[in-house]
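Chain by chain, the residues run as shown.
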Amino acid sequence: MTTATPARHHDGLTTFWIVTFAWTFAFWLFAITLDGPAMTSPTLVPYLLGGFGPVIGAIAVRIRRSRRRQPIPAHTVRLRLRPRLFWALPMLALASGTVLAAALLAEFLGGPAMSLTEGRELIATAGGTVPFLISMLVGGPLAEEPGWRGAAYPRLRASMSRLRAGLLLGAAWAVWHLPLFFINGTLQSEFGLVSWSGLLFTLSVFPMALLTGYAYELAGVAASVAVHFGVNTTIALLTLKAPATQALVLSVQIIVAAALLAAQRNRGQDRPALDHREMAELR
């Protein structure tokens, strides 16, 4: 009987990285050369398409497996109506709560007061509440989570701890966002790459990677989408752009992520997720 070596499970992961970054960077670099606002034509098309890089990467991995006539890995969390799936709702509340708690704390400490004024304007610009929520769900959560958490994260967890997998994926996620700092009209370009806000945004993806990874292991991609959606939407509605408030959001999310990881570790659930047989299936 043969066993899989640690390198074998990185096969599909390499495909994911190459396709994801090639797709996203090709479109976003094109958007940069157009030098127009992100949400206006002709920049809008490559800007939006670039955001789907992680999903395209996940599809490439699935096609590769299909061509090899390999089954779906046993560990994959499929979208089924089962009790675990409903963990997405409390994870959504928790994610939004981290942002709201930080905003309230910032106001209490003398920082910018919370306001929904710009949030209401954003909803009006989108054409109403429903179009706004759909845009927030698609642009980010649905465009990214099936890739980052649905394809890359379980492959990393096959051979490493939850913390290490989350931090490594967070680093890749941070690099993936870099072109956005050079596309006019994006939140990142408004911050500027060399600024406190730009630095805090980049750092914020690390606790987000840990929180979405935790959610994935709890209830699959649906839960990681819920966390991503909850954080992005709450930040957008409250218009949290002040560096002091960003720092508090980062701090609160680090504390929450650390607490969740510690709870899992205390229950002995932080070992690599898969055995040798399942690691072989990841190829």
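Just so you know, these numbers come straight off a predicted model, no measurement behind them.

(A) Summary view of the overall build of the protein. For the protein, the count of helices and strands is 12 helices and zero strands. Order of helices (α) and strands (β) in the protein, N terminus to C terminus: α-α-α-α-α-α-α-α-α-α-α-α. Counting the 283 residues in the protein, one finds 45% classified as buried. Partitioning the contacts of the protein with sequence separation of at least 6, the portion at a separation of at least 24 is 78%.

(B) Representation of the nonpolar core. Residues Trp148 and Trp173 are the most contacted members of the largest nonpolar core, which totals 52 residues. Looking at this core, the elements with two or more residues in it are helix 1 (10-34), helix 3 (53-67), helix 4 (88-108), helix 6 (129-157), helix 7 (162-177), helix 9 (196-219), helix 10 (221-238) and helix 11 (243-266). In terms of residue count, helix 9 provides more of this core than any other element does, 10 residues in total. Apart from the residues within four sequence positions on either side, Trp148 is in contact with Phe16, Trp17, Thr20, Phe21, Pro54, Tyr153, Leu169, Trp173 and Trp176. By size, the runner-up hydrophobic cluster in this structure holds five residues, among which are Ile123, Phe132, Met136 and Ala236.

(C) Expanded view of the environment of Arg64. Here Arg64 is to be found in helix 3. For Arg64, a relative accessible area of 19% puts it in the buried group.

(D) The confidence of the model for the protein, seen in detail. Averaged over every residue, the pLDDT of the protein is 87; residues scoring 70 or more account for 85%. Counted against residues more than four places away or in other chains, residues 274-283, with its pLDDT under 50, gives 34 contacts.

(E) Fine view of helix 9. Helix length check: helix 9, at 24 residues, gives a terminal C-alpha distance of 34 Å against a target of 34 Å (1.5 Å per residue), a fit within 8%. Along helix 9, 18 of the 24 residues are buried, which leaves the element largely enclosed by surrounding structure. Two residues or fewer after helix 9 comes Gly220, characterised by a positive phi angle close to 80 degrees.

(F) Quick peek at the environment of Pro54. You can see Pro54 is positioned in helix 3. What makes Pro54 buried here is its relative accessible area of 0%. Spatially, the C-alpha atoms of Pro54 and Gly140 are 10.0 Å apart, while their sequence positions differ by 86 residues. Excluding its chain neighbours within four sequence positions, the residues that come into contact with Pro54 are Phe16, Thr20, Thr24, Ala143, Glu144, Gly147, Trp148 and Trp176.

(G) Region of the structure containing the pattern of salt bridges. With the rule as written, the count across this model stands at four salt bridges. We note a salt bridge from Glu217 to Arg157, for which the minimum N-O separation is 2.6 Å. Residue Glu217 is found in helix 9, and its partner Arg157 is found in helix 6; the two are separated by 60 residues along the sequence. Judged by relative accessible area, which is 24%, Glu217 ranks as partly exposed. Through salt bridges with shared partners, a single network forms among Arg157, Arg162 and Glu217.

Rules used throughout
Residue numbers restart at each chain and count upward from 1, following the sequence in its written direction. In keeping with the predicted nature of the model, local features appear solely for residues at pLDDT of at least 70, side-chain atom pairs appear and are counted solely at 80 or more, and the whole-chain, interface and lining totals rest on all residues. Derived side-chain values reflect all non-hydrogen atoms in the structure, with water molecules and hydrogen atoms excluded from consideration. Put simply, DSSP marks the helices as runs of H or I at least four residues long and the strands as runs of E at least two long, and each gets a number from the N terminus on. Partly exposed residues are those whose accessible area sits between 20% and 50% of the maximum for their type, while under 20% is buried and over 50% is exposed, using a 1.4 Å probe and protein chains only. Contact definition: two residues touch when any of their heavy atoms are within 4.5 Å. Here, nonpolar core means buried Ala, Val, Leu, Ile, Met, Phe, Trp, Tyr and Cys residues that are tied together by side-chain atoms lying within 4.5 Å of each other. Scored from 0 to 100, pLDDT reflects the predictor's confidence in each residue. Here the expected length of a helix is defined as 1.5 Å per residue gap, with one fewer gap than residues. By convention in these notes, a salt bridge is any Lys or Arg side-chain nitrogen within 4 Å of a carboxyl oxygen on Asp or Glu.

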